[in-house]
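Notes for the structure review
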Amino acid sequence: MTARRDPEARRRKIVTAAVAAIADVGVGNVTHRRIAELAGVPLGSTTYYFPTLDDLVAAALREAIEYARADLEAWADELLASRDVIGTFVEATMRYLDNREQVLLEYELYLAAARMPELRPLAQLWIDGLRGICARFAGKDRGFALAALIDGHLMQALVTDEPVDADALRAGVERLVRS
């Protein structure tokens, strides 16, 4: 007897491998070959399901943004239940970096969207989600600034490989939420 083929499972396996590859080496250095190796599938499988590398990268980044949306929903729930919104913003931001691969992936999406207009709607989902959460607690204009503050702290922590400066983040969040 031969094993049954499951094309959708193979496709998901390829996308999952692409997510890991992008987080590991970045959008600019990912290849069909590297993804096939990570997925444990023949190289032809990646090109069968995703004729171009851009198609595969877009599928991986769509997957990543779904993870990010789930994280943002968890943040919103946590903040709504919190008695210390400022502390919760700080803790959630710092905790978010615990999954460095996911955070790298999201910022890879940001950069890829700057060069590939077709990816901008995906990047916009994260931006709008974070801004929306921040606006609930700081108002629309300050919410925009709060989202930029959080994004900035996350990006700097990734670049410097140092933890978020909790005191500096707390001071900024407090100014924007309590203004």
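Going by the structure above, here's the rest.
Residues numbered from 1 in each chain as written. Predicted model: local features only at pLDDT ≥ 70, side-chain atom pairs only at ≥ 80, totals over all residues. Heavy atoms only, no water.

Focus on the side chain of threonine 93
- Its location among the elements puts threonine 93 in helix 5 (residues 85-96).
- Those residues within four positions of threonine 93 in sequence are excluded, and the remaining contacts are Trp75, Ile150, Leu154 and Leu169. (Helix = DSSP H or I, 4+ residues; strand = E, 2+ residues; numbered from the N terminus. Contact = heavy atoms within 4.5 Å.)

A few points about the packing of aromatic side chains
- Taken as a whole and judged by the stated rule, the model has five aromatic pairs.
- An angle of 75° between the planes, with centres 5.6 Å apart, marks the rings of tryptophan 75 and tyrosine 96 as edge-to-face. In this pair, tryptophan 75 is assigned in helix 4 (residues 53-81) and tyrosine 96 in helix 5, connecting sequence segments 21 residues apart.
- Residue classification places tryptophan 75 among the buried residues on the basis of a relative accessible area of 5%. (Phe/Tyr/Trp six-rings, centres within 6.5 Å; stacked < 30°, edge-to-face > 60°. Buried < 20%, exposed > 50% of the residue type's maximum accessible area, 1.4 Å probe, protein only.)

Describing the environment of threonine 52
- Note that threonine 52 resides in the loop between helix 3 (43-49) and helix 4.
- For the pair threonine 52 and glycine 40, spaced twelve residues apart in sequence, the C-alpha separation works out to 19 Å.

Overview of the side chain of glutamine 102
- Position of glutamine 102 relative to the elements: it lies in helix 6 (residues 100-115).
- Look at glutamine 102 and you get buried, because its relative accessible area is 5%.
- In contact with glutamine 102, not counting residues within four places along its chain, are Ala64, Tyr67, Ala68, Asp71 and Tyr96.

Regarding unusual backbone geometry
- The backbone of aspartate 161 shows a phi angle near 60°, a positive value even though the residue is not glycine.
- Mapped onto the fold, aspartate 161 is located in the loop between helix 8 (140-160) and helix 9 (166-178).

What to know about the pattern of salt bridges
- Enumeration according to the criterion identifies six salt bridges in this entry.
- The partner of arginine 69 in a salt bridge is glutamate 66, with the nearest N and O atoms 3.9 Å apart. Of this pair, arginine 69 and glutamate 66 both sit in helix 4, separated by three residues, roughly a single helical turn.
- Assessed through its relative accessible area of 44%, glutamate 66 is described here as partly exposed.
- Between aspartate 161 and arginine 100 there is a salt bridge whose closest N-O contact spans 3.5 Å. (Salt bridge = Lys/Arg side-chain N within 4 Å of Asp/Glu carboxyl O.)

Section: the nonpolar core
- Counting 63 residues, the largest nonpolar core has Leu61, Phe89, Leu119 and Leu146 as its most contacted members.
- Listing elements by their share of this core, those giving two or more residues are helix 1 (7-25), helix 2 (32-39), helix 4, helix 5, helix 6, helix 7 (120-138), helix 8 and helix 9.
- Among the elements that make up this core, the one with the highest residue count is helix 4 (13 residues).
- Every residue in contact with leucine 146, bar those within four places of it in the chain, is listed here: Phe89, Cys134, Ala138, Val173, Leu176 and Val177. (Core = buried A, V, L, I, M, F, W, Y, C linked by side-chain atoms within 4.5 Å.)

A look at the layout of surface pockets
- Estimates place the volume of the largest pocket at around 170 Å³.
- Counting only elements with at least two residues in the lining of the largest pocket, the list comes to helix 1 and helix 3.
- Top contributing element to the lining of the largest pocket by residue count: helix 3, with three residues. (1 Å grid on protein atoms, 1.4 Å probe; cavity = no way out; pocket = protein on both sides within 12 Å on 5 of 7 lines; lining within 4 Å. Points joined across faces, edges and corners; volume = space filled by probe spheres on them.)

Some points on helix 8
- Given a rise of 1.5 Å per residue, 21 residues ought to cover 30 Å, and the 30 Å separating the end C-alpha atoms of helix 8 matches this to within 8%.
- What helix 8 keeps buried is the set Gly143, Leu146, Ala147, Ile150, Asp151, His153, Leu154, Ala157 and Leu158. Summarising the axial view, the buried residues of helix 8 lie within an arc of 155°, below the 170-degree limit, and thus occupy one face. What points out from helix 8, more than 90 degrees from its buried face, is the exposed set Asp141, Gln156 and Val159. (Expected span 1.5 Å × (residues − 1). Arc of directions from axis to C-beta.)

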